[in-house]
Amino acid sequence: MATVKGPLFSVAATGKFNNLLEFRTGSGKTTVHGIRACPATRSQAQQAQALRFGQAVSGWQALNTAQKNVWKAAAVYTGHNGYQLYISEYQTQNINPPQQPVVP
């Protein structure tokens, strides 16, 4: 059944229609597409990256408040917050647990 929000052929139509069409709005335009098919299983590279990201998040959670404040202070002029900078540096410096990345 239709789960389209807004009139079907209007500028504001978004959602799926009969599981065949999908109305998307982006950049001020509404377009109609076929339903996107996403593979149910992840590749080995995707699984490895998900594991690595999980390790980075666990590393952040293991930091105490003072250590987190150092990362937050380092991130002030980068356009990121302390958490984002930590995760970025964890990936960039190719850290393996239980090591921690170095504050830039």
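Each residue is numbered by its place in its chain's sequence as written, counting from 1. Residue-level local features of this predicted model are given only where pLDDT is at least 70; pairs of side-chain atoms are given and counted only at 80 or more, and the full residue set underlies all totals for whole chains, interfaces and linings. Hydrogen atoms and water are omitted, and side-chain values are computed over all heavy atoms in the structure.

A look at the confidence of the model for the protein
Confidence per residue, as judged by the predictor, is encoded in pLDDT with a range of 0 to 100. On average, the protein scores 86 in pLDDT, and the residues at 70 or more come to 88%. Averaged pLDDT values for the elements of the protein fall to 76 in strand E1 (residues 15-17) and rise to 97 in helix H2 (residues 65-74). Labels follow the DSSP assignment, with helices taken as runs of H or I lasting at least four residues and strands as runs of E lasting at least two, numbered in each case from the N terminus.

Thoughts on the packing of aromatic side chains
Here a Phe, Tyr or Trp ring, Trp counted by its six-membered ring, pairs with any other such ring whose centre lies within 6.5 Å, and the pair is stacked when the planes are under 30 degrees apart, edge-to-face when over 60, and tilted otherwise. A complete count under the given rule lists 4 aromatic pairs for this structure. Between tryptophan 71 and tyrosine 86 the ring centres are 5.1 Å apart and the planes differ by 85 degrees, which places this aromatic pair in the edge-to-face class. Pair noted here: tryptophan 71 is in helix H2 and tyrosine 86 is in helix H3 (residues 82-92), with a separation of 15 residues, a long-range link. An identical accessibility class is assigned to tryptophan 71 and tyrosine 86; each is buried. The rings of Trp60, Trp71, Tyr83, Tyr86 and Tyr90 are connected pair by pair, giving a single aromatic cluster. Whether a residue is buried, partly exposed or exposed follows from its accessible area with a 1.4 Å probe, protein chains only, as a fraction of its type maximum: under 20%, in between, or over 50%, in that order.

Quick look at the sheet that holds strand E2 (residues 21-26)
The 3 strands are arranged E1-E2-E3 in an open sheet whose pairing can be described as antiparallel. Two strands bound the open sheet, and with one partner strand each, they are E1 and strand E3 (29-34). On average, each strand axis in the sheet is tilted by 25 degrees relative to the strand beside it, whichever way the strands run. In short, DSSP must find at least two bridges between two strands for them to pair. As paired strands, E1 and E2 are joined by 3 bridges and run antiparallel to one another. Across the sheet, the residue bridging to glycine 15 is phenylalanine 23, located in E2. Orientation is described by axes fitted as lines to C-alpha atoms, over the contacting stretch for helices, and by angles from 0 to 180 degrees between their N-to-C directions.

Topic: unusual backbone geometry
For the bond running from proline 97 to proline 98, omega is 5 degrees, close enough to zero to count as cis. Along the chain, the position of proline 98 falls in the segment after H3. The backbone of asparagine 94 sits at a positive phi, close to 55 degrees, despite the residue not being glycine. Since its relative accessible area comes to 53%, asparagine 94 is described here as exposed.

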